[in-house]
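Each chain, written out:
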Amino acid sequence: MQGKKSADMRRGLIAVAALSALSGLAGCATVQPEPTMPRVALDTTAGTIVLALDAASAPITTCNFISYVVTGDYDGGTFFRTVSRETNTASRYPIDVIQAATPRGSDDASRPPITLERTRDTGLRHTAGAVSMARDGPDSATSSFFIVTQDTPSLDFGGGRNPDGQGFAAFGAVVEGLDVARRIQRMPANSEEQLTPPVAIRSARLLDAAPAVCIKSMRP
């Protein structure tokens, strides 16, 4: 147990250092206001996807995602799953998404799960291009995320995609490369919705200064 706490502490310190360094570098040339929508670039074997994250509306989810980015946890990960409403006919609530994970997979237990930020509270919606967190029960999301390729309101709070009706935590949107996400969605997959082969994430990089709320939340 002590070993796990020490590992979590080290991971938190690394993330704080990385976030602080990125914030400092971003402000070296000119004094800039803190970005409210920091961007993350995902370099994949299918092309680049740039996400803008909404730290003001969904700070817990945004800061969690950024913490995995700045420590390189998504590097070498994959977009491994594709779901399309044309083929997702077994569900009463078909969806259009592609899902990604770290190299540790979608059940990544390297860090504690986060609190679910419901769309009822954030005001965000699962419209085309939204980025959101995968989960099972409430407060169970860790690192696996998905990109919505078409408007899918069943993923919002009160929607039926998850039986508990709590929806999923949208926390930003694609600002470049939605065509790449849609191309990934159309790639070959098996009967279990697994991409064959998966699309590799070469790197995930924070393009802007990290929001102050994230640096504060990462301190051990």
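Located above this text is the structure these notes cover.
Along every chain, residues carry numbers that run from 1 in the direction the sequence is written. Local features in a predicted model are, by the rule used here, given only for residues with pLDDT of at least 70; side-chain atom pairs are given and counted only at 80 or more, and totals for whole chains, interfaces and linings are based on all residues. Side-chain metrics rest on all non-hydrogen atoms present in the structure, leaving aside hydrogens and water.

J.: Go over the packing of aromatic side chains with me, naming the residues and quoting the values.
T.: Side-chain rings of Phe, Tyr and Trp, where Trp is taken by its six-membered ring, are said to pair if the distance between their centres is within 6.5 Å; with planes under 30 degrees apart they count as stacked, over 60 as edge-to-face, and otherwise as tilted. This model, assessed by the stated rule, comprises seven aromatic pairs. When the ring of tyrosine 68 is compared with that of tyrosine 74, the centres are 5.9 Å apart and the planes differ by 45°; the resulting orientation is tilted. A residue is classified by how much of its surface remains accessible, and tyrosine 68, at 0% relative accessible area, is buried. Accessible area is worked out with a 1.4 Å probe on protein chains only. A residue is then buried under 20% of its type maximum, exposed over 50%, and partly exposed in between. By relative accessible area, which is 0% here, tyrosine 74 ends up buried. Considering the side-chain rings of phenylalanine 146 and phenylalanine 168, the 5.7 Å spacing of their centres and the 85° angle between planes classify their relative orientation as edge-to-face. One end of the pair, phenylalanine 146, is in strand β6 (residues 145-148); the other, phenylalanine 168, is in the loop between β6 and β7 (170-176), with 22 residues separating them in the sequence. Members of the aromatic cluster, joined through ring pairs, are Phe65, Tyr68, Tyr74, Phe79, Phe145 and Phe171. Here the basic side chain of arginine 111 rests over the ring of tyrosine 68, its NZ or CZ set 4.1 Å away from the ring centre. Over the ring of phenylalanine 168 we find arginine 135; its NZ or CZ atom is 5.1 Å from the centre of that ring. The helix count covers DSSP runs of H or I at least four residues long, the strand count covers runs of E at least two residues long, and both are numbered beginning at the N terminus. Only lysine NZ and arginine CZ atoms are considered, and such an atom sits over a ring when it is within 6 Å of the ring centre and within 35 degrees of the ring normal.

J.: How would you summarise the sheet that holds strand β5 (residues 130-133) if you had to cite specific residues and measurements?
T.: Strand pairing in a sheet relies on backbone hydrogen bonds. The paired strands run either parallel or antiparallel. Taken in spatial order, the eight strands close into a barrel running β1-β2-β7-β5-β6-β4-β3-β8, and their pairing is antiparallel. Adjacent strand axes in the sheet meet at a mean angle of 35°, parallel and antiparallel pairs treated alike. Strands are labelled as partners when DSSP assigns at least two bridges between them. The sheet contact formed by strand β4 (residues 97-101) and β6 spans four bridges and is antiparallel. Following the sheet pairing, valine 97 is matched in β6 by valine 148. In what follows, residue pairs with any heavy atoms lying within 4.5 Å of each other are defined as contacts. Angles shown run from 0 to 180 degrees and are taken between the N-to-C directions of axes, each axis being a line fitted to C-alpha atoms and, for helices, limited to the stretch in contact. With respect to the sheet, helix α2 (residues 59-70) is in contact with β1 (39-44), β2 (47-53), β5, β6, β7 and β8 (194-206), its orientation differing from that of β8 by roughly 90°. Each of β1, β2, β3 (78-83), β4, β6, β7 and β8 is contacted by helix α4 (residues 178-185), which is oriented at about 120° to β2, the strand it contacts most.

J.: Describe unusual backbone geometry, and please don't skip the residues or the numbers.
T.: Going from threonine 196 to proline 197, the amide bond is cis rather than trans, its omega being 0°. Among the structural elements, proline 197 can be located in strand β8. A positive phi is found at aspartate 139, a non-glycine position, where the angle reads about 60°. With respect to the element layout, aspartate 139 can be found in the loop between β5 and β6. Backbone geometry places glutamate 193, a non-glycine residue, at a positive phi of 70°. Within the secondary structure layout, glutamate 193 lies in the loop between α4 and β8.

J.: Go over the pairing of β4, please, and point to the residues and values.
T.: Counted residue by residue, β4 has five buried out of five residues, so it is predominantly covered. Here β4 shows no split at all, with Val97, Gln99 and Ala101 on one side and Ile98 and Ala100 on the other all buried. Here β3 runs beside β4; their pairing, made up of five bridges, is antiparallel. From the neighbouring strand, threonine 78 faces β4, where its bridge partner is alanine 101.

J.: Just give me the short version of the environment of alanine 173, but keep the residues and values in it.
T.: Checked against the element boundaries, alanine 173 lands in strand β7. Alanine 173 sits in the partly exposed class, given a relative accessible area of 28%. Taking the C-alpha atoms as reference points, alanine 173 and histidine 126, 47 residues apart in sequence, are found 9.1 Å from one another. When sequence neighbours within four positions are dropped, the list of residues in contact with alanine 173 reads Val50, Leu51, Ala52, Gly129, Ala130 and Val131.

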